[in-house]
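What follows is each chain in one-letter form.
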Amino acid sequence: MRYGIFSDIHGNLEALEAVIRCLKSQNIDQWLCVGDVVGYGADPAGCIRRVRDLDAFCVAGNHDWAVLGNIQLEYFNPLAREAVLWTRGHLSDEDLDFLQRLPGRYHNQDLIMVHSTLPEPEDFDYLSNVPKATAMFRHFREPVCFIGHTHVPDIVKSEDGTVSFERERTLALKAGARYIVNVGSVGQPRDGDPRAAYGIYDAALRTLSIQRVSYDVELAQEKILKSGLPPWLASRLAHGQ
Ligand code: ZN
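Presented here is a report on the structure given in the accompanying data block. From a predicted model like this one, the values you see are computed outputs, not experimental measurements.

### So, the overall build of the chain
- A tally of regular secondary structure across the chain gives eight helices and twelve strands.
- At 17 Å, the chain has a C-alpha radius of gyration in line with the 18 Å of a compact globule built from 241 residues.
- By the burial criterion, 58% of the 241 residues in the chain qualify as buried.
- In the chain, of all internal contacts separated by at least 6 residues, the share reaching a separation of at least 24 is 71%.
- Carbon and sulfur atoms provide 48% of the accessible area of the chain, an area that totals close to 10400 Å².
- Separation between the mean location of the 25 positive side-chain charges and that of the 32 negative ones in the chain comes to 3 Å.

Printed below as a string of structure tokens:
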């Protein structure tokens, strides 16, 4: 099974379309969406439609839940809060129903996926260092755990009791090792690279790669500016932050 993985789309349809085009040319069997389909960008409904059309396995992100009112808005910074309220006003009942049905976690024999961390995905903690990763490896058995939330691509390996962040972005999975993988963000990367990020995991070949693709940033920015969303949400896209 060859999985195409994307996360943190955040209503950026231009970035999502670019990612889908790239993945479609790479023989994907199954799509995985690691949450935050909406929030920040100007096309939340369009992004929900695309994810639904792909029949992606998808888990809920904190922005998806905030739009539904499942998370209190005081946990969000003022810009994110404004975007959540704007997004709520631009979704149909059907869109909201799709978000409502998203589970907190998904797993099969090849992988497990949560938006933030285990064991409590609904706490929306950030996996940022080795101690946190070490603790998280105790809470799943699958060979790979996909996460999102930080908008920064990362691969963490656990092998023979040692946990470390990998430098490579394309690797062959080692026998006996397990991995936590953040494929980065489609619609709002925060690692200084404005290109949309996504991943491919081939469970049969045991290979994994995180890739990037350029998209029409100017068009996504223009839509944000016209929509009445905070202008910073447009300008940050050019800087990958
Ligand atoms: Zn996010």
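### As for the sheet that holds strand E8 (residues 162-165)
- As summarised here, the arrangement of the six strands in space is E4-E5-E6-E10-E7-E8, forming an open sheet in which the pairing is mixed. Looking at the sheet topology across the chains shown, the edges are occupied by strand E4 (105-107) and E8. Along the sheet, successive strands turn relative to each other by an average axial angle of 15°, direction set aside.

### Quick look at the coordination of the zinc ion
- For the zinc ion, the full set of protein donor atoms is Asp 8 (OD), His 10 (NE2), Asp 36 (OD) and His 151 (NE2), at a range of 2.1 to 2.3 Å.
- Metal-centred angles of 85 to 179° between the four donor atoms at the zinc ion mark the site as irregular.
- Mapping the donors of the zinc ion onto the primary sequence yields the spacing D-x1-H-x25-D-x114-H. Taken as a pair, His 10 in the loop between strand E1 (2-6) and helix H1 (13-24) and His 151 in the loop between strand E6 (144-147) and strand E7 (154-159) lie far apart in primary sequence, 141 residues in all.
- Judged by its relative accessible area of 1%, His 10 falls in the buried class.
- By relative accessible area, which is 1% here, His 151 ends up buried.

### Some remarks on the pairing of strand E12 (residues 207-213)
- Most of E12 is tucked away, with five of its seven residues classed as buried.
- The pairing of strand E9 (residues 170-172) with E12 spans three bridges and is classified as antiparallel. Counted as the bridge partner of Ala 172 is Thr 207 from E12.
- One ladder, built from seven bridges, connects strand E11 (residues 196-202) with E12; its direction is antiparallel.

### So, the sheet that holds E11
- The six strands lie next to each other as E3-E2-E1-E11-E12-E9, forming an open sheet whose pairing is mixed. Only two strands of the sheet have a single partner each, and these edge strands are strand E3 (57-58) and E9.

### Looking at the packing of helix H2 (residues 44-53) against helix H5 (residues 93-100)
- The geometry of H2 relative to H5 is characterised by a closest axis approach of 10 Å and an angle of 60° between their N-to-C directions. In terms of axis orientation, H2 runs oblique to H5. For the pair H2 and H5, the sense of crossing is left-handed. Residue-level inspection shows Ala 45, Ile 48, Val 51 and Arg 52 of H2 in contact with H5, the latter providing Glu 94, Asp 95, Phe 98 and Leu 99.
- Among the residues forming the contact of H2 with H5, the class breakdown is five nonpolar, no polar and three charged.

### Structural notes on the environment of Glu 218
- Along the chain, Glu 218 falls in helix H7 (residues 217-227).
- Among the residues examined, Glu 218 registers a relative accessible area of 54% and is labelled exposed.
- A sequence separation of 16 residues divides Glu 218 from Ala 234, and the C-alpha atoms of the two residues are 8.7 Å apart.

### Brief notes about unusual backbone geometry
- Residues Leu 118 and Pro 119 are joined by a peptide bond in cis, for which omega reads 10°.
- By the secondary structure assignment, Pro 119 is in the loop between strand E5 (111-114) and helix H6 (130-137).
- The backbone of Tyr 40 sits at a positive phi, close to 85°, despite the residue not being glycine.
- Secondary-structure assignment places Tyr 40 in the loop between strand E2 (30-33) and H2.
- Not every positive phi belongs to a glycine, and His 151 is a case in point at roughly 65°.

### A word on the pattern of salt bridges
- The full count for this structure, using the stated rule, is 14 salt bridges.
- Put simply, Glu 17 and Arg 50 hold a salt bridge, and the shortest N to O gap is 3.1 Å. Of this pair, Glu 17 sits in helix H1 while Arg 50 sits in helix H2; the two residues are 33 residues apart in sequence, bridging distant segments of the chain.
- With a relative accessible area of 18%, Arg 50 lands in the buried category.
- With its nearest N and O atoms 2.8 Å apart, the salt bridge here joins Arg 212 to Asp 191. Of the two residues, Arg 212 sits in strand E12 while Asp 191 sits in the loop between strand E10 (178-182) and E11, which places them 21 residues apart along the sequence.
- On the basis of relative accessibility, which here comes to 19%, the residue Arg 212 falls in the buried class.

Reading guide: rules and limits
Residues numbered from 1 in each chain as written. Predicted model: local features only at pLDDT ≥ 70, side-chain atom pairs only at ≥ 80, totals over all residues. Heavy atoms only, no water. Helix = DSSP H or I, 4+ residues; strand = E, 2+ residues; numbered from the N terminus. Rg over C-alpha atoms; globule rule 2.2 N^0.38 Å. Buried < 20%, exposed > 50% of the residue type's maximum accessible area, 1.4 Å probe, protein only. Contact = heavy atoms within 4.5 Å. Areas by Shrake-Rupley, 256 points an atom, 1.4 Å probe, with all protein chains shown as cover. Lys, Arg positive; Asp, Glu negative; His and termini not counted. Charge placed at Lys NZ, Arg CZ, Asp CG, Glu CD. Pairing = 2+ DSSP bridges. Axes fitted to C-alpha atoms, helices over the stretch in contact; angles between N-to-C directions. Donors = N, O, S within 2.8 Å, 3.2 Å for Na, K, Ca; no water. Tetrahedral: all angles 85-135°; square planar, octahedral: opposite > 155°, others 65-115°. Parallel < 35°, antiparallel > 145°, perpendicular 65-115°, else oblique. Left-handed = near helix turned anticlockwise from the far one by under 90°. Nonpolar A, V, L, I, M, F, W, Y, C, P; charged D, E, K, R; others polar. Salt bridge = Lys/Arg side-chain N within 4 Å of Asp/Glu carboxyl O.

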